[in-house]
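Given next are the chains, with one letter for each unit.
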Number of protein chains: 2
Amino acid sequence: MRATTIHAPGDIRFEDVPDPRIEEPTDAIVKVVAGCICGSDLWPYRGENDVTAGATIGHECVGVVEEVGSEVSTTKVGDFVIVPFCHCDNTCAHCRAGVQSACVDLGFTQSGQGEYARVTQADGSLVATDGMPDEQLIPSLLALTDVMATGWHAAVAAGVRPGHTVVVVGDGAVGLSGVLAASQMGAERVIAMSRHQPRQEIARAFGATDVVAERGEEGEARIADLTDGIGADAVLECVGTDGAMKTAFTVARPGSTVGFVGVPHGVELPVRRMFQKNVGLAGGMAPVRRYLPDLLERVLSGTIDPGKVFDLTLPMAQAAEGYRAMDERRAIKVLLQP
Amino acid sequence: MRATTIHAPGDIRFEDVPDPRIEEPTDAIVKVVAGCICGSDLWPYRGENDVTAGATIGHECVGVVEEVGSEVSTTKVGDFVIVPFCHCDNTCAHCRAGVQSACVDLGFTQSGQGEYARVTQADGSLVATDGMPDEQLIPSLLALTDVMATGWHAAVAAGVRPGHTVVVVGDGAVGLSGVLAASQMGAERVIAMSRHQPRQEIARAFGATDVVAERGEEGEARIADLTDGIGADAVLECVGTDGAMKTAFTVARPGSTVGFVGVPHGVELPVRRMFQKNVGLAGGMAPVRRYLPDLLERVLSGTIDPGKVFDLTLPMAQAAEGYRAMDERRAIKVLLQP
């Protein structure tokens, strides 16, 4: 098959690779209908993570089940499925506790920007739609495989409640999804930190009541003003850098929680501030499978439209251009078609 | 008056100091009936915190109100009062949110190991008993001023629920109080990490179902065994060192929370592990005033007896010996009488 690969920082190709195949009886092979580029794919692209030369890249896709292993019983060939980026058996103690991202049988989508992807623990991982979805729903269904569920997890971890004032740090697709999640959970005020007009617009469409364009200390001061010096009831940290985390803890009111979902890179947590202010930290890699049924229902009913985060669609063969566009912040999130 | 002072690491004296006096109209002066030495007093004693030569030390006491400022209205001269180590107005936004330890009018008891102590925000801070309490209740009432409320806060922050398996890291007075708190909150299993037999005995009296004497990796492996490899549903970190925190995060199951109340010293939080395992951190300086009414009721009804943590009583004049005994772990917690 053909798939997107990374050879070195900045070196993205679309080329022939071995077809994924059933390796375990619990596997399924999905023919990709749409994949996409994740903010976290930019870490290796920018050389911040190690790169295995020639490895496939991409962990988000939706598609049609092409083949299943002998022990797969609920997933059927021909099903249109949403593939959570982390695969799980959905039966172990951690899955039952709602932490499917720590499943004892954890797996990851490896070629979501390719023609086919192998899904481990197919029965536990995959959620199928009733029949083939309308084509215009594809972007929103694709968003559920990672970013929307991750933004949702940030809001759950931060303990967002009706009436809350919520600050969202980060205006990438995950941050924007966090705005949508907080709004869906009944936050009265959702303050999006964003400098970029196209992102500000989506934030507002997703329910942001305020936009703070300033960053760092200036941004923190603006939020102090907006919250009468008290701070936010819940903060969603959707970046993963030390600066974003510092801002998150600075704007969080005493007794609140920072929900974090950005993969931490160079983050040093301010443990003494956390202690003095009683500000907690919760979150991590999103247990996508836990939220999928609820989020799918919201998409199908038209309640949410998380696919708005895609502002560029390219054929997979042009994946390299998609990475460039995201790296240069010309695009928020890129959808790739086989 | 005479009070305990610290002049340098290891140099504790009981000597004449200026009487505390009403400085603000919201102040009260309390005549100390009993004070005590806190594990956190050992930080400056051991040179781990800066020392202001000649400063009074001690933030825990109970006593009788001697004098009140002109704006004090509910606290009356002659009241027997429990003095939370952190003073609060109990009316500001943070107090109303249950984070009295982040009150905008925060103050601290400064001479709890002396004959008199000044309490700022007396009406907000102090909780009085109905009349003079029975003398044998004094240790338990004294424990409420810090350690019992702090152990309780660790359990609240860790989200202890009925049926939980809880691990308590630290067998000081706070850790033992944490065992008692977890047990009161309905934990089915409370695993106390303790090497010292007298502490193990109190832990068991407080409701520990298991005691793990091993520390570090060995202790972590024992807890993995005891929890079928799943980990604890809630972990109370009651020490404040990097090693204790590491153990806490290692034994916490995915999706659980470490409740921390030990003042952090040299702690580097394992942010990537927290992310990968979705283990949160919550807690900090205990909002003692929040828990006082409930804890007082439990003491007066005989439901809890947190005063058991005191295993040495000395006159204040022998405070230096009290510090030595705690430093050398000959005593768990020392009660000082004026």
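Residues numbered from 1 in each chain as written. Chains lettered and ligands numbered in written order. Predicted model: local features only at pLDDT ≥ 70, side-chain atom pairs only at ≥ 80, totals over all residues. Heavy atoms only, no water.

Caption draft 1: Expanded view of the relation of the copies chain A and chain B. Once chain A is rotated about the relating axis by 180° and shifted along it by 0.0 Å, it coincides with chain B to within an RMSD of 0.0 Å. The operation mapping one copy onto its partner corresponds to a two-fold rotation axis. When C-alpha positions in chain A are compared against the rotation axis, the closest is assigned to leucine 281 of chain A, at 2.6 Å. The share of interface residues of chain A whose copies in chain B are also at the interface is 100%, consistent with both copies meeting through the same surface. (Least-squares fit on C-alpha atoms with pLDDT ≥ 70 in both. Contact = heavy atoms within 4.5 Å.)

Caption draft 2: Focus on the side chain of aspartate 171 of chain A. Residues and elements named next belong to chain A. Along the chain, the position of aspartate 171 falls in the loop between β11 (165-169) and α6 (173-184). Here arginine 329 takes part through its side chain, which lies 2.8 Å from a polar atom of the side chain of aspartate 171. Once residues lying within four places of it in the same chain are set aside, the contact partners of aspartate 171 are Leu176, Met193, Ser194, Arg195, His196, Arg199 and Arg329. (Helix = DSSP H or I, 4+ residues; strand = E, 2+ residues; numbered from the N terminus. Polar contact = N/O pair within 3.5 Å; in protein donor to acceptor, adjacent residues only side chain to side chain.)

Caption draft 3: Broad picture of the domain arrangement of chain A. All names here are of chain A. Each assigned domain of chain A is listed with its residue range as follows: domain 1 (2-146 + 287-337) and domain 2 (151-283). Counting from both sides, the interface comprises 19 residues of domain 1 and, opposite them, 19 residues of domain 2. Both faces considered, domain 1 and domain 2 share a buried interface measuring about 1700 Å² in area, 66% of it formed by carbon and sulfur atoms. When the area that domain 1 buries against domain 2 is broken down by residue, the three leading residues are Trp43, Arg329 and Ile332, summing to 36%. Remark: the boundary between domain 1 and domain 2 carries one salt bridge. At the surface where domain 1 touches domain 2, the tally comes to six residue pairs in polar contact (both at pLDDT 80 or more). Of all the elements, helix α11 (residues 288-300) adds the most residues to the side of domain 1 that touches domain 2, at five residues. The residue inventory of the side of domain 1 that touches domain 2, partitioned by class, reads nine nonpolar, two polar and eight charged. (Domains from an automatic or database assignment. Buried area = accessible area lost by both parts, 1.4 Å probe. Salt bridge = Lys/Arg side-chain N within 4 Å of Asp/Glu carboxyl O. Nonpolar A, V, L, I, M, F, W, Y, C, P; charged D, E, K, R; others polar.)

Caption draft 4: Examining the interface of chain A and chain B more closely. Counting from both sides, the interface comprises 33 residues of chain A and, opposite them, 33 residues of chain B. Considering only the surface of chain A that becomes buried against chain B, Val271, Phe275 and Asn278 of chain A emerge as the three largest contributors, covering 25% of it. Inspection of the region where chain A meets chain B yields zero salt bridges. By residue number, the principal contributor to the side of chain A that touches chain B is helix α10 (residues 271-277) of chain A, which donates six residues. Tallied by class, the residues present in the side of chain A that touches chain B amount to 19 nonpolar, 11 polar and three charged.

Caption draft 5: Expanded view of the pattern of salt bridges. All names here are of chain A. Evaluated as defined, the whole model comprises 32 salt bridges over all chains. We note a salt bridge from arginine 324 to glutamate 321, for which the minimum N-O separation is 3.3 Å. Taken together, the residues arginine 324 and glutamate 321, both in helix α12 (residues 319-327) and three residues apart, mark about one turn of the helix. Take arginine 324: its relative accessible area is 37%, and that puts it in the partly exposed class. (Buried < 20%, exposed > 50% of the residue type's maximum accessible area, 1.4 Å probe, protein only.)

Caption draft 6: Inspection of the packing of helix α5 (residues 147-157) of chain A against α11 of chain A at higher detail. Residue and element names in this part refer to chain A. Viewed as axis vectors pointing N to C, α5 and α11 meet at an angle of 105°, and their least axial separation amounts to 10 Å. The angle between α5 and α11 places the two elements in the roughly perpendicular class. Each of Met148, Ala149, Trp152, His153 and Val156 in α5 lies in contact with α11, whose residues at this interface are Val288, Arg290, Tyr291, Asp294, Leu295 and Arg298. (Axes fitted to C-alpha atoms, helices over the stretch in contact; angles between N-to-C directions. Parallel < 35°, antiparallel > 145°, perpendicular 65-115°, else oblique.)

Caption draft 7: Highlighting the sheet that holds strand β1 (residues 2-8) of chain A. Residues and elements named next belong to chain A. Spatial ordering of the open sheet is given by β2-β1-β4, a layout of three strands whose pairing is antiparallel. A single partner strand is all that each edge strand has here, and the edge strands are β2 (11-16) and β4 (55-56). The sheet contact formed by β1 and β2 spans six bridges and is antiparallel. Each bridged residue has a counterpart across the sheet, and for threonine 5 the counterpart in β2 is arginine 13. (Pairing = 2+ DSSP bridges.)

Caption draft 8: View of the pairing of β1 of chain A. All names here are of chain A. Following β1, the chain reverses through two residues before pairing antiparallel with β2; glycine 10 in that reversal takes a positive phi of roughly 80°. As paired elements, β1 and β4 share two bridges and run antiparallel to each other. Residue pairing for β4: isoleucine 6 is matched across the bridge by alanine 55.

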